[in-house]
Amino acid sequence: MPEIQLLRPGHAPALLAFEQENRSYFAGSISDRGDDYFARFDEQHRARLAEQEAGVCYFHVLVGAEDEILGRINLVDVTDGSAELGYRIAERAAGRGLATWAVRELCDLAANSYGLTSLRAGTTLDNAASRAVLARSGFTVVGERQLSGRPGLSYLRSLADFTAPPGARARPVSDARGR
């Protein structure tokens, strides 16, 4: 399986390539980031790292055996022990269980490295793959919502079953310097 790494400055070239290569694929199920995102990618990347440093978001990349980025999996709007989960997997890596594996791994990291107690998520009704990933990962539907003007569902997952027992070591996550 790939490795989940906390986003760091050195990921920028591979992350931009990942986003460009998969732009039309992603646009089929989620809203497009827009041309401005790509034109100002370096600025956007620095802003994400600043948010991460402030502890309001945790951005991760799924790195394959040849240091290529196969996906992103993020925790945003961290507040009161909760965060919003978001993820995207490269077209060439889709359909192999990578998203389900990554979501479960991030649930563990969220509980044991970031001290979170629950995660929220959302997906559109027409995104059957994401709905299946969330269901397989223990998320439950808690309501309806609009996502980029499209009908969708809101999900919630308690992280109580991921919390390490008292005295157990928190799981390490590589920091922004790649350690």
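This structure is a prediction, so every number in the text was calculated from the model and none was measured. (Residues numbered from 1 in each chain as written. Predicted model: local features only at pLDDT ≥ 70, side-chain atom pairs only at ≥ 80, totals over all residues. Heavy atoms only, no water.)

Draft legend 1. Just the environment of Ala27, in detail. Tracing the backbone through its elements, the reader meets Ala27 in helix α1 (residues 12–27). The exposure class of Ala27 is partly exposed, given its relative accessible area of 38%. (Helix = DSSP H or I, 4+ residues; strand = E, 2+ residues; numbered from the N terminus. Buried < 20%, exposed > 50% of the residue type's maximum accessible area, 1.4 Å probe, protein only.)

Draft legend 2. Up close: the pattern of salt bridges. Overall, the coordinates contain 10 salt bridges when judged by the stated rule. The partner of Arg88 in a salt bridge is Glu19, and the shortest N-O contact between them spans 3.0 Å. Taken together, the positions of Arg88 in strand β4 (residues 82–89) and Glu19 in helix α1 put the pair 69 residues apart, joining distant regions of the chain. Residue Arg88 shares its accessibility class with Glu19, and that shared class is buried. Two residues, Glu84 and Arg145, come together in a salt bridge whose shortest N-O distance is 3.3 Å. Of this pair, Glu84 sits in strand β4 while Arg145 sits in strand β6 (residues 140–147), and the two are 61 residues apart along the sequence. Under the relative-accessibility criterion, Glu84 is labelled buried at 17%. When its relative accessible area of 26% is taken as the criterion, Arg145 is described as partly exposed. (Salt bridge = Lys/Arg side-chain N within 4 Å of Asp/Glu carboxyl O.)

Draft legend 3. Here's a closer look at the pairing of strand β3 (residues 69–79). With 8 of its 11 residues buried, β3 lies for the most part within the structure. Judged from the 6 bridges that link them, strand β2 (residues 58–63) and β3 form a sheet pairing that is antiparallel. Bridge pairing in β3 links Val63 to Ile69. Where β2 hands over to β3, the hairpin turn is made up of 5 residues, of which Asp67 adopts a positive phi near 60°. In this sheet, β4 lies alongside β3 in antiparallel orientation, the contact comprising 7 bridges. Bridging across to β4, Leu75 finds its partner in Leu85. Where β3 hands over to β4, the hairpin turn is made up of 2 residues, of which Asp80 adopts a positive phi near 50°. (Pairing = 2+ DSSP bridges.)

Draft legend 4. Expanded view of the side chain of Arg88. Residue class for Arg88 comes out buried when judged on its relative accessible area of 12%. At a separation of 3.0 Å, a polar atom in the side chain of Arg88 contacts the side chain of Glu19. Discounting chain neighbours no more than four positions away, the residues touching Arg88 are Phe18, Glu19, Phe26, Ile30, Arg33, Leu70, Gly71 and Arg72. (Polar contact = N/O pair within 3.5 Å; in protein donor to acceptor, adjacent residues only side chain to side chain. Contact = heavy atoms within 4.5 Å.)

Draft legend 5. Region of interest: the nonpolar core. Residues Leu75, Leu85, Leu116, Leu119 and Phe139 are the most contacted members of the largest nonpolar core, which totals 48 residues. Sort the elements by how many residues they give to this core and helix α4 (residues 98–112) lands first, with 9 residues. Ignoring any residue separated from it by four or fewer positions in sequence, one finds Leu75 in contact with Cys57, Tyr58, Ala83, Glu84, Leu85, Leu106, Ala110, Tyr114, Leu116 and Leu119. (Core = buried A, V, L, I, M, F, W, Y, C linked by side-chain atoms within 4.5 Å.)

Draft legend 6. Here's a closer look at helix α3 (residues 41–53). A rise of 1.5 Å per residue sets the reference length of α3, with its 13 residues, at 18 Å; its end C-alpha atoms lie 18 Å apart and thus fit the reference within 8%. Regarding α3, the residues found buried are Phe41, His45, Leu49 and Gln52. Axial view of α3: buried residues confined to an arc of 75°, hence all on one face. For α3, the secondary structure elements touched by its buried residues are β1 (3–6), α1, α2 (35–39) and β2. Just downstream of α3 lies Gly55, where phi reads positive at about 80°. (Expected span 1.5 Å × (residues − 1). Arc of directions from axis to C-beta.)

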